[in-house]
Amino acid sequence: MVAGEADELLGGVERVPRRADINAGCDDASQDEHHEDLANEPEHRAQLKPSRQKLLPKNAPMERVRGMSNAPYARVVPDRSGHSAFDYEIPGHLLGKVAIGSRVRVPVRTRLLLATVVDLLETTDIEGLKPIAELLSGKPLINPVLIQLGHWIASYYCCALHVALRAILPQVVRDAEMKEKMLLFARLAEKPDAAALEQIAKRAPKQAAVIDFLMGQSEPVAVTELMKECGVTRATLDGMRERGVIALERQAVQRDPYKEETFLHAPQLEMNPEQLAAFEPIAAAVKNPAIHRPILVHGVTGSGKTELYLRAIDLCLSIGKTAIVLVPEISLTPQTVERFKSRFAHLQEQVAVLHSNLSDGERHDEWHKINNGAARIVIGARSGVFAPIEKLGLIVVDEEHENSYKQEDAPRYQARDVAVYRAYMEGCAIILGSATPSMESYHNALSGKYELVRLLSRVDERKMPKIRIIDLRLEASRGPGASILSEPLCKAIRARLAKKEQSILFLNRRGFSTSLICSSCGHVCECPNCSLALTFHRGANRLVCHICGHTAVVPAKCPVCADPRIKYSGAGTEKVEELVSAFFPEAVVKRLDADSVSRKDSLKEALHAFRTGKIDILVGTQMIAKGLHFPNVTLVGIVNADMGLHLPDFRGGERTFQLLTQVAGRAGRGDVEGEVYVQTYTPFHPAIQFARHHDFPGFWEQEIEFRKKTNFPPFWHMVLVTLRSESESHAAFSADTLARRVRESLEAGSLPEDTMVSNPAPAPMEKSHGQYRFHLMLRTRRITRLSKGLHDILEKLTFPEEVIVSVDVDAYQLL
Ligand code: ADP
Ligand code: ZN
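Residues numbered from 1 in each chain as written. Chains lettered and ligands numbered in written order. Predicted model: local features only at pLDDT ≥ 70, side-chain atom pairs only at ≥ 80, totals over all residues. Heavy atoms only, no water.

This next bit is on the sheet that holds strand β13 (residues 392–397). Sheets are built from strands paired through backbone hydrogen bonds, the pairs being either parallel or antiparallel. The strand order across the open sheet built from seven strands is β11-β12-β10-β13-β14-β9-β15, with neighbouring strands paired in parallel fashion. Taken across any chain shown, the strands that pair with only one partner, and hence form the sheet edges, are β11 (351–354) and β15 (451–455). Sheet twist, expressed as the mean angle between neighbouring strand axes with direction ignored, is 15°. Taken together, the five bridges between strand β10 (residues 322–326) and β13 define a ladder with parallel strand orientation. Bridged to Thr 322 within β13 is Leu 392. (Pairing = 2+ DSSP bridges. Helix = DSSP H or I, 4+ residues; strand = E, 2+ residues; numbered from the N terminus. Axes fitted to C-alpha atoms, helices over the stretch in contact; angles between N-to-C directions.)

This part takes up the sheet that holds strand β1 (residues 73–78). With antiparallel pairing, five strands are arranged side by side in an open sheet as β2-β1-β4-β3-β5. Each having just a single partner strand, β2 (86–89) and β5 (134–135) make up the two edges of the open sheet. Sheet analysis places β1 next to strand β4 (residues 111–121), joined by six bridges and oriented antiparallel. Within β4, the position partnered with Ala 74 by the bridge is Leu 120. Across the sheet, helix α4 (residues 161–168) lies against β1 and β4, angled at about 75° from β1, the strand it touches most. (Contact = heavy atoms within 4.5 Å.)

The next thing to look at is the packing of helix α7 (residues 205–215) against helix α8 (residues 223–230). In a packed pair of helices, the relevant descriptors are the angle between the two axes and the axis-to-axis distance. Where α7 contacts α8, the axes come no closer than 10 Å and their chain directions differ by 120°. Taken together, the axis directions place α7 and α8 in an arrangement best described as oblique. Between α7 and α8 lies a crossing of right-handed hand. Between α7 and α8, the contacting residues are Ala 209, Val 210, Phe 213 and Leu 214 on the first element and Leu 226, Glu 229 and Cys 230 on the second. (Parallel < 35°, antiparallel > 145°, perpendicular 65-115°, else oblique. Left-handed = near helix turned anticlockwise from the far one by under 90°.)

Before going further, it helps to spend a moment on the coordination of the zinc ion (ligand 2). Every protein donor of the zinc ion (ligand 2) is accounted for by Cys 527 (SG), Cys 530 (SG), Cys 545 (SG) and Cys 548 (SG), and the metal-donor separations fall at 2.3 to 2.4 Å. Each of the four donor atoms around the zinc ion (ligand 2) contributes to a set of angles spanning 106 to 113°, which defines the coordination as tetrahedral. Each donor residue of the zinc ion (ligand 2) belongs to the same chain, with the gaps between them written as C-x2-C-x14-C-x2-C. With Cys 530 in the loop between β18 (513–518) and β19 (535–537) and Cys 545 in the loop between β20 (542–544) and β21 (551–552), the pair connects residues that are 15 residues apart, well separated along the chain. (Donors = N, O, S within 2.8 Å, 3.2 Å for Na, K, Ca; no water. Tetrahedral: all angles 85-135°; square planar, octahedral: opposite > 155°, others 65-115°.)

Looking along the chain, the bond that leaves Ala 410 and enters Pro 411 is cis, with omega of -5°. Structurally, Pro 411 is set in the loop between β13 and α14 (415–426). For Glu 399, which is not glycine, the phi dihedral falls at a positive 50°. Considering the arrangement of structural elements, one finds Glu 399 in the loop between β13 and α14. Judged by its relative accessible area of 13%, Glu 399 falls in the buried class. The residue Asn 711 is not glycine, and still its phi comes out positive at about 55°. (Buried < 20%, exposed > 50% of the residue type's maximum accessible area, 1.4 Å probe, protein only.)

By the burial criterion, the buried members of helix α9 (residues 234–242) are Leu 237, Gly 239 and Met 240. All buried residues of α9 project into a common sector of 160° when viewed along the axis, lining one side. The outward face of α9, more than 90 degrees from its buried face, is lined by the exposed residues Ala 235 and Glu 242. (Arc of directions from axis to C-beta.)

What follows covers the pairing of strand β25 (residues 633–638). In terms of residue burial, β25 counts as a mostly covered element, since six of its six residues are buried. Direction of pairing for strand β17 (residues 502–506) relative to β25: parallel, over a ladder of five bridges. Bridge pairing in β25 links Gln 502 to Val 633. The sheet contact formed by β25 and strand β26 (residues 675–680) spans four bridges and is parallel. Note that in β26 the partner of Leu 635 across the bridge is Glu 675. A crossover connection joins β25 to the parallel β26 through helix α20 (residues 652–664); in handedness this β-α-β unit is right-handed. (Right-handed = clockwise from strand over helix to strand, strands pointing away.)

Here the focus is the site of ligand 1. Taken together, the neighbourhood of ligand 1 is formed by 16 residues, with Glu 270, Gln 275, Gly 302, Lys 305 and Arg 339 sitting nearest. A distance of 2.6 Å separates a nitrogen atom of ligand 1 from a polar backbone atom of Glu 270. In the model, an oxygen atom of ligand 1 is placed 2.8 Å from a nitrogen or oxygen of the Lys 305 side chain. In isolation ligand 1 offers 560 Å² of accessible surface; the protein chains occlude 80% of this area. Residue composition of the shell around ligand 1, by class: four nonpolar, eight polar and four charged. (Near = heavy atom within 4 Å. Polar contact = N/O pair within 3.5 Å; in protein donor to acceptor, adjacent residues only side chain to side chain. Areas by Shrake-Rupley, 256 points an atom, 1.4 Å probe, with all protein chains shown as cover. Nonpolar A, V, L, I, M, F, W, Y, C, P; charged D, E, K, R; others polar.)

Okay, the pattern of salt bridges next. Tallied over the entire structure, the rule returns 33 salt bridges. In this structure, Arg 510 engages Asp 595 in a salt bridge whose closest nitrogen and oxygen atoms are separated by 3.0 Å. Here Arg 510 is found in the loop between β17 and β18, whereas its partner Asp 595 is found in the loop between β23 (589–592) and α19 (602–611), with 85 residues between them in sequence. For Arg 510, a relative accessible area of 24% gives the class partly exposed. Overall, the relative accessible area of 32% leaves Asp 595 in the partly exposed class. Its salt-bridge partner being Arg 707, residue Glu 703 comes within 2.9 Å of it at the nearest N-O pair. Here Glu 703 pairs with Arg 707, and both are found in helix α22 (residues 696–709), just four residues apart, close to one helical turn. With a relative accessible area of 5%, Glu 703 lands in the buried category. Through salt bridges with shared partners, one network takes in Arg 468, Arg 496, Glu 501 and Glu 675. (Salt bridge = Lys/Arg side-chain N within 4 Å of Asp/Glu carboxyl O.)

Taken as a whole, the chain shows an average pLDDT of 84; of its residues, 89% reach a score of 70 or greater. Counting contacts from residues 1–67, a segment whose pLDDT is below 50, to residues more than four positions away or on other chains yields 163 contacts. (pLDDT = per-residue confidence, 0-100.)

Taking 1.5 Å per residue as the helical rise, helix α3 (residues 144–156) with its 13 residues ought to reach 18 Å, and the 18 Å between its terminal C-alpha atoms agrees with that figure. The opening residue of α3, the one whose side-chain oxygen lies 3.0 Å from the backbone nitrogen of Val 145, is Asn 143. Within two residues after α3, Cys 158 carries a phi angle of roughly 60°, on the positive side. (Expected span 1.5 Å × (residues − 1).)

In structure tokens, the structure reads:
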């Protein structure tokens, strides 16, 4: 959760050895060693500044900026360095071949480092520049638009350019070690005549089978497949090759993550009048990118937003352009991929999918498929926004309100916002869609920055589900278990079972119980590395920290006072599963959460079993809250709606409203009307009441008032600086120092005048992964200037050893 890493933006002044963070990408661990070299390489420090924020002219034709030049110098950004850029000479044999976006190796002291060319220079003031050692790829791996996007990310999100480029160019591609997958293929060397064939059939029937099989194929066949198909050994095939009957040769094969699946073509749906009306401005934007406002589609759950996206993509392809579709946590919603893959089943080869569940090889191949122009549709999670696709005509951001669009490691970008910026740079259409738009996007829509398109009713007049609120304060007194499964909820489940309809129970907390408390002294078993209670997992019979993964044995008696009356409190999904199974022994119950879904395909299998009616009750975390479409689900129970409400996070109300609405949206998507039971201790909370009445505008109005009064987004941008260290006093002291510096800069006029600086304070999660954490919160309406100012401050500051500073612009994770 509190992922992070050594702060990159300290750049040239950072003298602190970097710590490899558990959650940081594996490429970070080895940064330290290179870093020092670079710091002592003054002759290679470029005279910086020129490459910052040089935006492309709107709608600039790609050819113009792509063109190679004969420039004699190149500015490059090494993958691993605390610095931004260095200049090198382009040696004679590479003149005209090195382009912006080329990958090169450059000498830094005694080493050669991988680097990206970010600019070509006609002149330089620096004498005796070293030459570039090697040009790695023929075609530049990052196109100029993406390089510019990198500059924008670096300046907006206050990080070094090489950190931004790291997000843009996936590691498997960057390292240049992953190669194409080569397989051995077999084909007939020459077609034997009938007589020869007859002879072989008598003498060696297996070989005849091979020949027979290959005669029926128009393409060479993979040797492994051939062996399986004809039941022959490799020795047989080698023998046949020696006799010149068959030929064996290596060929590159595409590692296709979906090769096992066949997608049946799903035809277009006849749009209903509401969809038709909504599609008009979308079509106009795709056809005429000069109409350049992003479109926000606010459509209730089940209103048919996906059909709009599919049509828009179709239109986009028909005018010779390409499209990117972003979906949150794509790996968690195979259904979504399937819907897109099926509509474009006839273009199977031209659809690329990028998400975190791919193997390195698959990611490498999908990426290159996009980069070499073979893909025309990219479906991706957050990082899909950097897909190196050309002729981009459309970006779709589905479920735009989702927090998972925000990356929690450096660069801490928000993919939705990057998408809006990329669309602006490329001059293409962009659609953001959601049933519960974020405060930020809806604000932009009402203020006219975005165009608002609405779908107010469900497809086919299907009704919105009825939402009932269960007051847990009344239920809890009815006895054990009643605060987890109230009587009305149990009744509703029983009714569904009788009618052979399905139910979903939602609880956003895995494990069996959330804490282990001593009845005598009140001791709670906490993680030694984090300020958080350990969760009891019954399946594994362990206590587990949900922050750092620390595990401990379950004590038989209180570790402090030795009283054996140590009890579990607070239910997790395991507990709900156990209760449901006990209450309804006749039902098939399945739990879906990060613990039960470990294998890559088990989620897909479980969802398939649910869809085909083999499961009656599905118990799960947010994994089942999003984007799933099961027509036979008529009941959704929200076990505890309050969980997000009591966190120290100004987005608590917004998150609760979104979650309730999205989970409720899973009910009643078929012919039978759906029902939702919301269990809560705060039945009158506005987020719960507005969700109950499906009243997004009502919720929005009261929430925006609150945001305005309290100076929070969308009116103000918020920057959260976290300082962490194993030493509490070092972290506290550094936070104080930074706050003082920020105030001084503010007074000196080098930060936006409206900047609000909080007092530094321990983070709500004071300790995580063994480090003490302090926060400094800054707010402004002029974020670009604040980012720049903060960057300058941090570059000049030195902190004690071990203190790690990270900057989160437009932060979501406030704990
Ligand atoms: P949303 O994304 O807005 O929640 P979906 O796109 O999932 O809604 O649509 C809900 C269901 O309605 C899907 O099964 C979809 O195939 C179906 N649907 C969408 N548009 C139409 C239409 N015009 N006619 C018939 N069915 C439709
Ligand atoms: Zn921990």
